Amino acid sequence: MALFSAFLDACVIVPLAPCDTLLRMADAGAFRPLWSRKVVDEAQRALERVHPDIDPNRFRSRFRSMDEAFEDALVDGWERLVPAIQLPDPDDAHVVAAAVVGRADVIVTENTKHFPPSALKPLRITAVRLDEFLLDQFDLAPAATCRTITQQAAAMRRPPVDAAQLLDRLARSGAPHFARSVGHELGIDIQPPMRSNRMAY
């Protein structure tokens, strides 16, 4: 049986905490991650805008490590499909084209309005937000998800971060319901993030 596949849009691989959570889940076998070079380039540009004081090579190294860790994640050859993809914003067509070529089941994105069901249903793909996708992983495997979070927190040493702080970052990065659900399982009270138009990077 083919592993459930998720195409990760640029907006969910820019914030470090949720990107690391997603990749750790994928490494544990929860799903097969997918992305394209164009998506990675968009994420690189976004990080350079958000953090102009940081050497861009640090971000390039991060994305290079992703490619090396998941050798079959990078989708090529999607360009020919772009003209056939009809979306509200044509600039998003590359995401769907790459998802189709990569045989993705879902597109994980914070911009679900850009990917209406009318356009994706014929392609047998759905667009889900980060919070919904992570909650699905938690519902399918609560113990494994909690283990991923505790291991991720333990690996964060500059500066040291505990599970509560990590869950707070995830809540502020677009996954508040997931953070509260995992927190409840771990006995940690996670407060709802204050309303903000900006994700925590």
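Provided above is the structure to which this section pertains.
Residues numbered from 1 in each chain as written. Predicted model: local features only at pLDDT ≥ 70, side-chain atom pairs only at ≥ 80, totals over all residues. Heavy atoms only, no water.

**Student:** Just checking my understanding: could you explain the pattern of salt bridges for this structure?
**Tutor:** Oppositely charged side chains are able to pair whenever their charged atoms sit close together. Following the criterion strictly, the structure yields six salt bridges and no others. With a closest N to O distance of 2.7 Å, D67 and R37 form a salt bridge. Here D67 is found in helix 4 (residues 56-69), whereas its partner R37 is found in helix 3 (residues 37-50), with 30 residues between them in sequence. Since its relative accessible area comes to 17%, D67 is described here as buried. Between E48 and R60 there is a salt bridge; the shortest N-O distance is 3.8 Å. Pair noted here: E48 is in helix 3 and R60 is in helix 4, with a separation of 12 residues, a long-range link. Residue class for E48 comes out partly exposed when judged on its relative accessible area of 28%. For R60, a relative accessible area of 39% puts it in the partly exposed group. (Salt bridge = Lys/Arg side-chain N within 4 Å of Asp/Glu carboxyl O. Helix = DSSP H or I, 4+ residues; strand = E, 2+ residues; numbered from the N terminus. Buried < 20%, exposed > 50% of the residue type's maximum accessible area, 1.4 Å probe, protein only.)

**Student:** Can you walk me through the packing of helix 3 against helix 4 in this structure?
**Tutor:** When two helices pack together, their arrangement is given by the angle between their axes and by how far apart the axes lie. At their nearest, the axes of helix 3 and helix 4 sit 10 Å apart, and the two run at 150° to each other. If you check the angle between helix 3 and helix 4, you find them roughly antiparallel. Between helix 3 and helix 4 lies a crossing whose hand is right-handed. In this structure, helix 3 contributes R37, V40, A43, Q44, L47 and E48 to the contact, and helix 4 contributes P56, F59, R60, R62, F63 and D67. Taken together, the residues that form the contact of helix 3 with helix 4 break down as six nonpolar, one polar and five charged. (Axes fitted to C-alpha atoms, helices over the stretch in contact; angles between N-to-C directions. Parallel < 35°, antiparallel > 145°, perpendicular 65-115°, else oblique. Left-handed = near helix turned anticlockwise from the far one by under 90°. Contact = heavy atoms within 4.5 Å. Nonpolar A, V, L, I, M, F, W, Y, C, P; charged D, E, K, R; others polar.)

**Student:** Please explain helix 8 (residues 142-155) as it appears in this structure.
**Tutor:** In an α-helix, one turn spans 3.6 residues; hence positions three or four apart end up facing the same way. Across its 14 residues, helix 8 extends 20 Å between first and last C-alpha, which sits within 8% of the 20 Å expected from 1.5 Å per residue. Contact partners of the buried residues in helix 8: helix 2 (16-27), helix 7 (130-140), helix 9 (163-172) and helix 10 (176-186). (Expected span 1.5 Å × (residues − 1).)

**Student:** Explain the sheet that holds strand 4 (residues 106-108) here, please?
**Tutor:** Whenever strands of a sheet pair, they do so through backbone hydrogen bonds, lying parallel or antiparallel. Spatially, the five strands line up as an open sheet ordered 3-2-1-4-5, and their pairing is parallel. Only two strands of the sheet have a single neighbouring strand rather than two, namely strand 3 (74-75) and strand 5 (126-128). By the bridge criterion, two bridges tie strand 2 (residues 32-36) to strand 3 in an arrangement that is parallel. Looking at the pairing, S36 lines up with V75 of strand 3. (Pairing = 2+ DSSP bridges.)

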